[in-house]
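Here is what each chain is made of, one letter per residue.
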Amino acid sequence: MPVEPFQALACPLDGEPLSHTGAAWRCPVGHNFDTARQGYIHLLPVQNKRSLHPGDSKEMVAARQRFLNGGFYQPVADAVNRLVLAEMPDTHRLTCLDAGCGEGYYLRQLAAAAAEQPALELLGVDISKWAVLAAAKQDKHPAWVVGTNARLPVLSSSVDRVLCVFGFPVYAEFTRVLKPGGQLLQVDAGPAHLRELREIIYPTLKPEKSAVRDDPVGFRVLGSAMERFALTLDSQEQIADLLAMTPHLYRATAEGLERAVALQSLTVTVDVRLTRYQCTLPNPSPDEKESA
């Protein structure tokens, strides 16, 4: 099963198509972007950054890479793969964007699961340079891009599937880049996710949010599923990596972090909700884009 890099990239400055010759990507206006020697493309203009190094730090990326490559979240990846590959397009070629790809674990798992399927065109986008660098070092086949979900450097109506795994969805951008009838798979933490760890690092837990929510504008729900399983970590290093790859590392109290660091083993509940949406908004015509 061939895996190919996604090609329908857009200039982050003017939205025009990017074409490439060798390692250079250029739009018709002349904006030029080079492919880094590690194989990724930096399409995040400085004016769209809120800090010098936005997104996950080098240390957080390394922790996530160790943890995920250890297979601890394999059941989550398997559930993602089943839903993404459930309905193949008539073209028998699936284009998939992982919006907030991190170090690329879920796209690599998708490629492995689709071994008997037709060709995949894969694109991973993340605002963290360190995450995209780690992804490119591990797999050269997908296209890896430093960019933002708020303004995806992707041409309109060019993607069959969008993944947003524990990420920050920007539904207006997802509807823009999806083909008519394209699908979004959103993976979110469920109410019991890592509850045992949270009970250690926080004085009290906040009330759980209601699972009932309105459909995002431009989407209708095709279905949802829960994936829940117990996970046992048997070393301080594994516990530290799990904590480092979550926002809890920065939200927990100092006392809570001390208690977590002292643990020798921990069994936690992994609880995730997978929701599959179909895009219902028509993609804008060229005239509508011009007047917008």
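Residues numbered from 1 in each chain as written. Predicted model: local features only at pLDDT ≥ 70, side-chain atom pairs only at ≥ 80, totals over all residues. Heavy atoms only, no water.

A.B. asks: Please explain the confidence of the model for the protein as it appears in this structure.
C.D. replies: In regions of low pLDDT, the predicted coordinates are not meant to be interpreted in detail. Here the protein averages 90 in pLDDT, and 92% of its residues register 70 or above. Ignoring residues within four places in sequence, the model shows residues 285-292, a span with pLDDT below 50, making 3 contacts including any to other chains. (pLDDT = per-residue confidence, 0-100. Contact = heavy atoms within 4.5 Å.)

A.B. asks: Just to check I follow, could you spell out the environment of Phe33 for this structure?
C.D. replies: Locating Phe33 in the fold gives a position in strand S4 (residues 32-34). Expressed as a C-alpha distance, the spacing of Phe33 and Ser224, which sit 191 residues apart in the sequence, is 39 Å. Not counting the four nearest positions on each side in its chain, Phe33 is found in contact with Cys11, Pro12, Leu13, Leu18, Ala23, Ala24, Trp25, His42 and Leu43. (Helix = DSSP H or I, 4+ residues; strand = E, 2+ residues; numbered from the N terminus.)

A.B. asks: Looking at this model, I keep getting lost on the environment of Ala254. Mind explaining?
C.D. replies: Of note, Ala254 is situated in helix H9 (residues 254-261). Each C-alpha atom, one on Ala254 and one on Tyr202, is 9.6 Å from the other, the two residues being 52 residues apart in sequence.

A.B. asks: Help me understand the environment of Pro75 in this model?
C.D. replies: Mapped onto the elements, Pro75 comes out in helix H2 (residues 74-84). Distance from Pro75 to Ala86, taken between C-alpha atoms, is 16 Å for residues 11 residues apart in sequence. Setting aside its immediate chain neighbours within four residues, Pro75 contacts Glu227 and Phe229.

A.B. asks: It is not clear to me how the pattern of salt bridges should be interpreted in this structure. Could you clarify?
C.D. replies: Two side chains of opposite charge can pair, provided their charged atoms sit close to one another. Going through the model one piece at a time under the given rule, you end up with 11 salt bridges. The partner of Glu4 in a salt bridge is Arg93, with the nearest N and O atoms 2.7 Å apart. With Glu4 in strand S1 (residues 3-5) and Arg93 in the loop between H2 and strand S6 (94-99), the pair connects residues that are 89 residues apart, well separated along the chain. For Glu4, a relative accessible area of 27% puts it in the partly exposed group. Between Arg108 and Glu103 there is a salt bridge whose closest N-O contact spans 3.0 Å. A relative accessible area of 2% places Glu103 in the buried class. When salt bridges with common partners are traced through the structure, they connect Glu4, Arg93 and Glu121 into a single cluster. (Salt bridge = Lys/Arg side-chain N within 4 Å of Asp/Glu carboxyl O. Buried < 20%, exposed > 50% of the residue type's maximum accessible area, 1.4 Å probe, protein only.)

A.B. asks: Quick question: what am I supposed to make of helix H3 (residues 105-113) here?
C.D. replies: Owing to its 3.6 residues per turn, the α-helix brings residues three or four apart onto one side. Burial analysis of H3 places 7 of its 9 residues in the buried class, which makes it a mostly covered element. Restricting attention to buried positions, one finds in H3 the residues Tyr105, Tyr106, Leu107, Arg108, Gln109, Leu110 and Ala111.

A.B. asks: Would you take a moment to explain helix H1 (residues 58-69) for this structure?
C.D. replies: The first and last C-alpha atoms of H1 sit 16 Å apart over 12 residues, in line with the 16 Å expected at 1.5 Å per residue. Here H1 has its buried residues at Met60, Val61, Ala63, Arg64, Phe67 and Leu68. Down the axis of H1, the buried set is contained in an arc of 160°. They therefore lie on one face. Exposed side chains of H1 directed beyond 90 degrees from the buried face belong to Lys58 and Glu59. Of the surrounding secondary structure, the elements contacted by the buried residues of H1 are H3, helix H4 (129-138), strand S11 (219-233), helix H7 (236-244) and helix H8 (248-251). Gly71 lies just past H1 and shows a positive phi near 85°. (Expected span 1.5 Å × (residues − 1). Arc of directions from axis to C-beta.)

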